[in-house]
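Observations on chain architecture
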Amino acid sequence: VSWEVDPEISKTPGADEPLLKCNYSIGLGVLLGTTGKKAGGLGGVSNPITLTQVESFRVLELVTDSSELERVGLSRRRMTRLLTPQTQESPMFFHGTNTSAAGVQAAVDQMEEVGFEMFVYSFGSGFNMENTDPAYIAEIAETVKYANARGIEVGGYDLICLDRGDGGYGGNVGYQWDIVDPDTYNLGPHACFASGWYDKIHQIFLNFINMTGLSMVATDGPYGGSSCASTNHDHHTGLEDSIYWQNRLQGTFYKDLKELNIFINQPDWYFHHGGNKAPMGYNENQYSLPRWEDLAISRQGMYDDTYHFIPSMGWMFLPLVQYHSGGAAAEFEPLSKHLPEYEWALAQYMGYGVAVVYRGPRLYDTSETKALVHKWVSFYNKYRDILTSDI
């Protein structure tokens, strides 16, 4: 594909956009005909290109008959339910921070008592999905088996691409797989998802899931749009095709997980590749605010976002223990000391039909707290169909 100036431009009145020239193969895909140049502006840059098979991006367009906010929102939500039906799954999950075998079992026992449905090994908890040690995998498999026997599904968190490069806070996956900055040619802070890292993390996930029985993954930092100027990565030839292939392989990654019936939380719009949930009104710094301020902002966020989100496709966050900062004023522990705020949180989130990352070591600490959680879970279960319907 190359952008060129139409030689007949001077003879044609009206617009003078460049002419897009393509050669098409017979059958599926598009065969890019070589021009001796890579597209890099008008006329391209003088680099040879390699013929490759390309599947174009898919665009799903919704034509509406109104600019009225509620009517447009209902149309978008109907489209979501029709084309991405997995977004209507709405398990109640708990992000456990005590991931010792005893800690997980204690949390699972509480979840069974009050009606929660999915335990997630949380971020910052010590859980490591990329650990290939057979003893570690066997330990996780035992806790999954314990939870499944009590009707609780189990998932785990992993940071898969963003901030997994040079200097990234998630740890470098390997210098050979880091993105190469197209301006400086220095290594960047993210992994390139069209490098050998894609093959490795893909295999790690499949092996871990198959050997432990996980049925959910919380994938943080999926591919987010970075270009890569490397010319020796396995799945792209250079800068020009790096975004295309990273985006396509991230979609393939999620589609492969969905074929295994894995529930997927992902903080990006990968719903058409199999994702179940994305953040709703989400700002991590918010959860360092005092409890009542946090709850008020979340309430407003859900109100705004449910114009275009169906309730079950988003998640919110409740810092039972400190997240980032904020100390005692922000966290909800000890739960029995903050019952009004905790009940308000349970009521507002379950009343909206929106899933929440309840993140901490436990769901209740006293019989009174337990009764409170059970009350709102029972309410949610009784009215789940209407609570997760369009507002």
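Since we're looking at a predicted model, the values are computed, not measured.

**Topic: the confidence of the model for the protein chain**
For the protein chain, the mean per-residue pLDDT works out to 88, and 86% of the residues sit at or above 70. Per-residue pLDDT stays below 50 along residues 28-49; that stretch engages in 49 contacts with residues further than four places along the chain or on separate chains.

**Focus on the environment of A229**
With respect to the helices, strands and loops of the structure, A229 is situated in the loop between β10 (216-220) and α5 (242-259). Sequence separation between A229 and D181 is 48 residues, and the spatial gap between their C-alpha atoms is 6.1 Å. Those residues in contact with A229 that sit more than four places away from it in its chain are V180, D181, P182, Y185 and L239.

**Observations regarding the packing of helix α6 (residues 291-305) against helix α8 (residues 339-352)**
Running from N to C, α6 and α8 cross one another at 10°; their axes reach a closest spacing of 11 Å. On the basis of the axis angle, α6 is roughly parallel to α8. On the side of α6, the interface is formed by R291, W292, L295, S298, R299, M302 and Y303, while α8 contributes P340, E341, W344, A345, Q348, Y349 and Y352. Residues of the contact of α6 with α8, tallied by class, amount to nine nonpolar, two polar and three charged.

**Some remarks on the sheet that holds strand β6 (residues 118-121)**
As summarised here, the arrangement of the eight strands in space is β11-β10-β7-β6-β5-β14-β13-β12, forming an open sheet in which the pairing is parallel. This sheet does not close on itself; its edge strands, each paired only once, are β11 (263-265) and β12 (278-279). Two elements, strand β5 (residues 93-96) and β6, share four bridges in a ladder whose sense is parallel. By the bridge assignment for β6, G96 is matched with Y121. Contacts between helix α2 (residues 101-114) and the sheet are confined to β5 and β6, with β6 contributing the most and set at about 155° to the helix.

**Here we look at the pattern of salt bridges**
For the coordinates displayed, the defined rule picks out eleven salt bridges. Among the ionic pairs, E70 bridges to R77, the shortest N-O distance being 2.7 Å. Residue E70 is classed as partly exposed on the basis of its relative accessible area of 28%. Here the salt bridges do not stand alone but share partners, grouping E333, R362 and D365 into one network.

**Considerations on the environment of W177**
The residue W177 is located in the loop between β7 (153-159) and β8 (178-180) in this model. The spatial distance from the C-alpha of W177 to the C-alpha of C192 is 5.8 Å, given a sequence separation of 15 residues. Apart from residues no more than four positions distant in its own chain, W177 is found in contact with A191, C192, S195, G196, W197, K200 and H233.

Conventions we followed
- Residues numbered from 1 in each chain as written.
- Predicted model: local features only at pLDDT ≥ 70, side-chain atom pairs only at ≥ 80, totals over all residues.
- Heavy atoms only, no water.
- pLDDT = per-residue confidence, 0-100.
- Contact = heavy atoms within 4.5 Å.
- Helix = DSSP H or I, 4+ residues; strand = E, 2+ residues; numbered from the N terminus.
- Axes fitted to C-alpha atoms, helices over the stretch in contact; angles between N-to-C directions.
- Parallel < 35°, antiparallel > 145°, perpendicular 65-115°, else oblique.
- Nonpolar A, V, L, I, M, F, W, Y, C, P; charged D, E, K, R; others polar.
- Pairing = 2+ DSSP bridges.
- Salt bridge = Lys/Arg side-chain N within 4 Å of Asp/Glu carboxyl O.
- Buried < 20%, exposed > 50% of the residue type's maximum accessible area, 1.4 Å probe, protein only.

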